[in-house]
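Commentary on secondary and tertiary structure
If you want the building blocks of each chain, they are given just below.
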Amino acid sequence: MKKKKWNLYGPDGNIKYWHDLRKELSSFFSRQSGGGSVIVWAAFGFNGKVGLAFSDDRQNSPKYIETLENHLVRFAENIGGGNWEYQHDNAPIHTSNAKKNYLNSKNITVLEWPPMSPDLNPIENVWCIMSQKVYENGGQFYSVNALKAAIESAWYKYEPEILQTLIMSLEKRVYDVILNNGKTLNY
């Protein structure tokens, strides 16, 4: 599980690009203050993925609990099993007592994830690949709805086998981080 911010004008940090000098320069539009963005929450497991949860603003603990109730709990019920653990980072909304109490009340086990640890959550790989699809060819969006549609398209086209491979790679990645003394890996 993880959330990601998506911008109308392109991915964060996308300020340079290459172009063929023999061809006419592509035009890009600009907006005051970036023009808009959307925050997306998603989760997946070995047997499937949740429907995306969109938010236009920062989440707090009550909003996060609502997202979990409307998306994670339904997803867990649909995949039909209690043999799974929930993974998230140590953001303040993830560590609040209200959120902990909520997950306990639903008998959801949370994978222990030490603070200041490398972020090995497999969904980071998913966000990267989706971002390449959403923003391919310098893609920019004129509306939040168009951006949401592109994000949904990339999410629902994601092959289950890729998600399963990412999950199965987690143990090896953690081991590699330990062998590499906590330094960044090339995944």
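Here the structure is shown first, and the text comes after it.
A brief look at the structure comes next. (Residues numbered from 1 in each chain as written. Predicted model: local features only at pLDDT ≥ 70, side-chain atom pairs only at ≥ 80, totals over all residues. Heavy atoms only, no water.)

Turning to the nonpolar core, a few remarks are in order. One finds Trp6, Val126, Met130, Val134, Leu147 and Ile151 to be the most contacted residues of the largest nonpolar core, which totals 22 residues. Of all elements in the fold, only β2 (37–42), α4 (123–134), α5 (144–156) and α6 (160–179) reach the threshold of two or more residues within this core. In contact with Val134, not counting residues within four places along its chain, are Trp6, Phe141, Leu147, Ala150, Ile151 and Ala154. Ranked by size, the runner-up nonpolar core spans 14 residues in total, among them Ala43, Ala53, Val73 and Tyr86. (Core = buried A, V, L, I, M, F, W, Y, C linked by side-chain atoms within 4.5 Å. Buried < 20%, exposed > 50% of the residue type's maximum accessible area, 1.4 Å probe, protein only. Helix = DSSP H or I, 4+ residues; strand = E, 2+ residues; numbered from the N terminus. Contact = heavy atoms within 4.5 Å.)

Attention now goes to the pairing of β2. Looking down a regular strand, the side chains alternate between one sheet face and the other. Most of β2 is tucked away: five of the six residues are buried. Examined bridge by bridge, β2 and strand β5 (residues 53–55) share three bridges and lie antiparallel to one another. Each bridged residue has a counterpart across the sheet, and for Val40 the counterpart in β5 is Phe54. (Pairing = 2+ DSSP bridges.)

Turning our eyes to something else, we now look at the packing of α4 against α5. Closest axis-to-axis distance for the α4/α5 pair is 9 Å, and the angle between their directions is 125°. It follows from the interaxial angle that α4 and α5 lie oblique. Crossing handedness for the pair α4 and α5: right-handed. Packed against α4, whose contacting residues are Val126, Met130, Lys133 and Val134, the element α5 presents Leu147, Ala150, Ile151, Ala154 and Trp155 at the interface. Among the residues forming the contact of α4 with α5, the class breakdown is eight nonpolar, no polar and one charged. (Axes fitted to C-alpha atoms, helices over the stretch in contact; angles between N-to-C directions. Parallel < 35°, antiparallel > 145°, perpendicular 65-115°, else oblique. Left-handed = near helix turned anticlockwise from the far one by under 90°. Nonpolar A, V, L, I, M, F, W, Y, C, P; charged D, E, K, R; others polar.)

Keep in mind these numbers describe shape, not what the thing actually does.
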